[in-house]
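Structural overview for review
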Amino acid sequence: MTRRELPDIAREIVNSAKDGEEIEVALSRGRSTTVNAYRGEVESLKSGSSQGVGIRIIIDGCEGFASAGSLDPEIVSEVVNEARQNLTFAEKDPHQAIALPDGVESPRLDLFDRSVIGISEKEKIAIAIDLERRCLARDKRVTGVRASTWSDSWAEFALVSTAGIAIHEEGGNCSVGAQPLAEESGETQIGYYGDMARRLEDLDLDKVVVEAVDGATSLLGATKPASQRVTVIFEPSVAAAFLGVVAGSLTGDRVAKGRSPFAERMGETIAVADLTLFDDPTDERSLGAENYDGEGLAARRNDLIVSGSLNTFLHNSYTARRLGVISTGSAVRVVRSRPGVGMHAMQILPGDRTREELIHNVRNGIFVRGVNGLHSGVNPVSGDFSVGAYGHRIVEGSLGEPFREATIASTVQRMLLDIVEVGGDFEFLPGGTGMSSLVIAEIALSGS
Amino acid sequence: MSEDLAPEPLLDPSLVETTLRVALAKGGEWAELFAEDRQSASSSFDEGRVDSMSSSRDRGVGIRVTVGEITGFAHTSDLSSEGLKEAAEVAASAATSSSRTTAVALNGDGLASTRVKMLPNLVSKESKVALLRRADEAARSAGGSISQVTVGYSEGRRRILVANTAGIFRADDQVRTLFSVNCVATGDQGLQTGRETVGYTVGYELFEENDVAALAERAANRAITKLRARPAPSGELPVVIKNGGGGVLFHEACGHGLEADLVKKGASVFKDRIGQQVASPLVTLIDDGTMGVEWGALGIDDEGAFTRSNTLIENGVLTDYMWDHLRSKDAGRVPSGNGRRQSYQHLPMVRMTNTFVTNGETEPADVISDTTHGVYVAQLGGGQVNTATGDFVFGMTEAYLIENGEITEPLREGNLIGNGPEVLKNIDVIANDFAMGSPGTCGKDGQGVPVGDGQPTLRVSALTVGGTAA
């Protein structure tokens, strides 16, 4: 099979549009490798190529979609036919249409570092093996590492439509992750930490080792806390998980369908004045940085909550049309599904004080290192949440004994108003979110 | 009755043999070719109209080569002989010893065929839209407080072929059909949701035995009931779980910890515990991939092993773990039919199929009347477990208070949290009303596979309920 350029394949399909048809073609092609090390040796070496095509065809507000994991011409034409057939069963939605170019300039960030595709297999293997060795060496209580992993991937993406959108982007990254097991007095704890970057030099292996190992060892001897109402400090990754839920309910999709607890609250105070939350894919420091959104509109900064007040919802072109506003360039898209709407690179405006100072201020509370059950424990429609939590007790301003097997519960609405302080310990998390610790008052902790 | 689907392999046997020979050419000891062709379609109905209809197709091959403890793996969507040769060479490169030529002889003992009565893709899309509409109408007429209804239909056909250098050449044709209804009810104190799902490893005949209108009414009533729900209590309480409503508890609380890959790496709280009493003597736990039409049923697993019924815990004693090819070879035993993968792009690992607790002897009504103060969980949501410690959490999507032996007020959503080994010991009554639960998707290391679970009504003497009420 001769290799054709993605924009050429896409343009050919778009040019075949029949009268009255709007067509949007998304194509991707990528390669990835993963190396797993175990007990000083390669455990598995995985590599593969992948391809994808996703086609939306709209006639007079009726949309059909089809996709496939192959660019084989026979399959691509099957996808076009399926999309065409599917739209005949859709019912008219006057707001449904392909995104129109809006004249906003793309930030034109240089987000692809070619060096990431030149890393040798030998080097990848050496890093995975070294990561395992360093986890074992850091603490005598580490008895094994369930997985010590290197991964890298490269992909190109093209989006072409009858509305005049035509983009072609290329990206790559590398990542590492470790899951050490720590044992003491017959008890085992497992830790995990990973990092991802656009270039090998930007991976922080030291931090991965420290966070992964300490994540496991610090929980040894953890006990169930007593049920009570306490002040809680979320470390940045936990704060990011919760604010991610908040951001999800500030999307046009949820708002338009009446599935957001914040739907009717534009301009109102929904959080404490210390909280400013925004999405900024134009900030190159974030791994979530992008030049375009999922519909090919320029990426841009959007301020969702400014000093506690609800400033904007996020929109793609569909939700914007539906609510009579303009797209905020917030379409999220994978080739294999229709465009959605969401954050690309969430950030918080940091406070001033260090994590130690935040802890120092708490008389009786908990420092939450991680939560689980977020996917089952949060109802994004009602805002109720109840999730498993683990971390450390805070006693008279200092970190105390570890705890586990507890839940914290509240509502997302309540939590935003119960924020006592935003930490100054701002960092970009491996997923691209820029976040600080959050101190929250009066959360119900359930234990024994 | 039903007609066999034509058992036509996805790839020509001679091409498979050639590819496997290439895979072994660099010194590999064992090689496997996994081919997959998956076609699926889904449609959703939202805000009273057809929201979207979509179709998808995935076709590709994954090639695995092992040498000692090392696994090489490559996948491709290019099924031409050159594409397969290239993937085989990449997978083979994990082996470093001298090259050699190996004979590969395949024996086609298992070109299994799925017996479905009605292949969903042969049913008209009009008929599917009519089902969606019927469910939407039924949910909306369940009560004035129902403000939103989303209905979803999906069908999938997954044809696989597994061949390896030990001679296995087997195929399976897996057809699954699923229907779900989500409702939102609006009341004075905000919004509440209710969900119901039905899905089996069957074709369109799913709808001969399952009425989508009744399903929709149940989902709607669940949301309506929760409008008057009060906050769930907080702290340790006896918890009664309705039959078929909480198999996920066992999936999370101990199922994952009984997967041999986790056990081997010391990442399971159940390591070195075979033959020991790990649960209340009332508990017998089985994982069974052969269960007819259940959501986790398979003819063969994704490594070509025939599925089986495997007893994991018998009368509270741990009898066995679940195994895949690599781990069973290591332990010198036969695989248990639990080697599964999300797609041809993934390496297989140990996974559950249909996991369930068998019947006890008590009448279900007696379990409730015997509980003075506790929580009755009619439906559990998703969950998560830390296999190293056994700590788990999962959401209650329909729950009630039990007061003086009677089910009283509905409770708002909350999580249950506990520790697998402790919960297994704390099961103090099991009823005789076994039922399978809703179809589920189990995620492990980023791979999702369909699974089933089930259990009779049972009681855990103490579980931590993570509500907000005192």
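Residues numbered from 1 in each chain as written. Chains lettered and ligands numbered in written order. Predicted model: local features only at pLDDT ≥ 70, side-chain atom pairs only at ≥ 80, totals over all residues.

**Observations concerning the overall build of chain B**
- Counting secondary structure elements, chain B contains 10 helices and 23 strands.
- Taking 470 residues into account, the globule formula puts the C-alpha radius of gyration at 23 Å, and chain B, at 24 Å, falls close to it.
- Taken over the C-alpha atoms alone, chain B extends approximately 75 × 55 × 40 Å along its principal axes.
- Excluding contacts between residues fewer than 6 apart, the proportion of contacts in chain B whose partners are at least 24 apart in sequence is 76%. (Helix = DSSP H or I, 4+ residues; strand = E, 2+ residues; numbered from the N terminus. Rg over C-alpha atoms; globule rule 2.2 N^0.38 Å. Contact = placed C-beta atoms within 7 Å.)

**Focus: the overall build of chain A**
- A count of helical and extended segments in chain A gives 10 helices and 21 strands.
- Here the C-alpha radius of gyration of chain A, 24 Å, is about what a compact globule of 448 residues would show, namely 22 Å.
- Once the C-alpha set of chain A is aligned to its principal axes, its extents read approximately 70 × 55 × 35 Å.
- Expressed as a percentage of contacts within chain A between residues at least 6 apart in sequence, the contacts between residues at least 24 apart total 70%.

**Here's the deal with the interface of chain B and chain A**
- Taken residue by residue, the interface counts 63 residues in chain B and 62 residues in chain A.
- The element best represented in the side of chain B that touches chain A is strand β2 (residues 49-67) of chain B, accounting for 11 residues.
- Of the residues that constitute the side of chain B that touches chain A, the class distribution is 18 nonpolar, 33 polar and 12 charged.
- When strand β2 (residues 41-59) of chain A meets strand β3 (residues 70-76) of chain B, the two strands line up parallel, connected through five bridges. Across the sheet, residue G48(A) finds its bridge partner in β3(B), namely H75(B). (Nonpolar A, V, L, I, M, F, W, Y, C, P; charged D, E, K, R; others polar. Pairing = 2+ DSSP bridges.)

**Regarding the domain arrangement of chain A**
All names here are of chain A.
- Taken domain by domain, chain A holds domain 1 (6-217) and domain 2 (222-448).
- Put simply, the parts of the chain that give the side of domain 1 that touches domain 2 at least two residues each are β1 (21-38), β2, β3 (62-68), β5 (166-184) and β7 (193-197).
- Per-element accounting of the side of domain 1 that touches domain 2 gives the leading share, four residues, to β2.
- A class-by-class count of the residues in the side of domain 1 that touches domain 2 yields 14 nonpolar, nine polar and six charged. (Domains from an automatic or database assignment.)

**Observations regarding the pairing of strand β16 (residues 384-395) of chain A**
All names here are of chain A.
- A large share of β16 lies buried, amounting to 10 of its 12 residues.
- As paired strands, strand β15 (residues 364-372) and β16 are joined by eight bridges and run antiparallel to one another. The residue of β16 that forms the bridge with V368 is G391.
- Judged from the 10 bridges that link them, β16 and strand β17 (residues 398-411) form a sheet pairing that is antiparallel. Residue pairing in the sheet places A389 in a bridge with A406 of β17.
- In sequence, β16 turns back onto β17 through a hairpin of two residues, with E396 there showing a positive phi of about 50 degrees. (Buried ≥ 20, exposed ≤ 12 C-beta atoms within 10 Å, placed from the backbone.)

**Focus on the environment of S461(B)**
Residue and element names in this part refer to chain B.
- Structurally, S461 is set in strand β23 (residues 458-466).
- In the structure, S461 is positioned 231 residues away from R230 in sequence and 23 Å away in space, judged by C-alpha atoms.
- Not counting residues up to four positions away in its chain, the partners in contact with S461 are P238, N426 and D428.

**Quick notes on the domain arrangement of chain B**
Residue and element names in this part refer to chain B.
- Each domain of chain B was delimited in the assignment, giving domain 1 (13-227) and domain 2 (234-466).
- Taking the mean C-alpha position of each, domain 1 and domain 2 sit 23 Å from one another.
- Contacts between domain 1 and domain 2 engage 33 residues on the former and 21 residues on the latter.
- Only β1 (30-46), β2, β3, β5 (146-164), β6 (168-187), β7 (190-200) and α5 (212-227) provide two or more residues apiece to the side of domain 1 that touches domain 2.
- Per element, the largest residue contribution to the side of domain 1 that touches domain 2 is six residues, and it comes from β6.

**Quick notes on the confidence of the model for chain B**
Residues and elements named next belong to chain B.
- A residue-level look at chain B finds 94% of positions with pLDDT of 70 or above and a mean pLDDT of 91.
- Counted against residues more than four places away or in other chains, residues 1-6, with its pLDDT under 50, gives eight contacts.
- On the interface metric, ipTM, the complex scores 0.88, and its pTM is 0.91. (pLDDT = per-residue confidence, 0-100.)

**Comments concerning helix α6 (residues 247-255) of chain B**
- Most of α6(B) is tucked away, with nine of its nine residues classed as buried.
- Taken together, the buried positions of α6(B) are occupied by G247(B), V248(B), L249(B), F250(B), H251(B), E252(B), A253(B), C254(B) and G255(B).

**What to know about the packing of helix α3 (residues 125-140) of chain B against α5(B)**
Residue and element names in this part refer to chain B.
- Two elements in contact, α3 and α5, have axes whose closest approach is 8 Å; the angle formed by their N-to-C orientations is 40 degrees. Overall, the two elements α3 and α5 adopt an arrangement that is oblique. The two elements α3 and α5 meet at a crossing, and its hand is right-handed. Along the contact surface, α3 presents L131, R134, A135, A138 and A139, while α5 presents V212, A213, L215, A216, E217, A219 and A220. (Axes fitted to C-alpha atoms, helices over the stretch in contact; angles between N-to-C directions. Parallel < 35°, antiparallel > 145°, perpendicular 65-115°, else oblique. Left-handed = near helix turned anticlockwise from the far one by under 90°.)

**As for helix α1 (residues 6-15) of chain A**
Residues and elements named next belong to chain A.
- L6, A10, I13 and V14 are the residues of α1 that are buried. Buried residues of α1, seen end-on, are gathered within an arc of 100 degrees and therefore sit on one face of the element. More than 90 degrees from the buried face of α1, the exposed residues found are D8 and N15.
- Along its buried surface, α1 packs onto β1, β2, α2 (73-87), β4 (142-161) and β5. (Arc of directions from axis to C-beta.)

**A closer look at the packing of helix α3 (residues 121-138) of chain A against helix α4 (residues 205-217) of chain A**
Residues and elements named next belong to chain A.
- One can describe the packing of α3 onto α4 by two numbers: an axis separation of 10 Å at closest approach and a directional angle of 45 degrees. Classified by the interaxial angle, the pair formed by α3 and α4 is oblique. Here α3 and α4 pass one another in a crossing that is right-handed. In contact with L131, R134, C135 and R138 of α3, α4 contributes L205, V208, V209, A212 and V213.

**Some points on unusual backbone geometry**
Residue and element names in this part refer to chain B.
- You will see that N315, though not glycine, has its phi angle at about 45 degrees, which is positive.
- As for its position among the elements, N315 is in the loop between β10 (309-314) and β11 (317-318).
- With phi around 50 degrees, N404 is a residue other than glycine that occupies positive phi space.
- Structurally, the position occupied by N404 is in the loop between β16 (391-403) and β17 (406-411).

**What to know about the environment of L411(B)**
Residue and element names in this part refer to chain B.
- With respect to the helices and strands, L411 occurs in strand β17.
- Along the backbone, L411 and K264 are 147 residues apart, and their C-alpha atoms lie at a distance of 41 Å.
- When near neighbours in sequence (up to four residues on either side) are disregarded, L411 contacts A229, R230, A232, V375, A399, Y400 and L401.

**Observations regarding the pairing of β17(B)**
All names here are of chain B.
- Of the pairings in the sheet, the one linking β16 to β17 comprises four bridges and is antiparallel in character. By the bridge assignment, I402 is partnered in β17 with I407.
- Hairpin connection of β16 to β17: two residues between the antiparallel strands, including N404 at a positive phi of 50 degrees.

**Details of the environment of S54(B)**
- Mapped onto the secondary structure, S54(B) falls in strand β2.
- For S54(B), a count of 24 C-beta atoms within 10 Å corresponds to the buried category.
- Separated by 217 residues in sequence, S54(B) and K271(B) have C-alpha atoms that sit 44 Å apart.
- Discounting residues that sit within four places of it in the chain, S54(B) has contacts with F65(A), A66(A), N86(A), A41(B) and S42(B).

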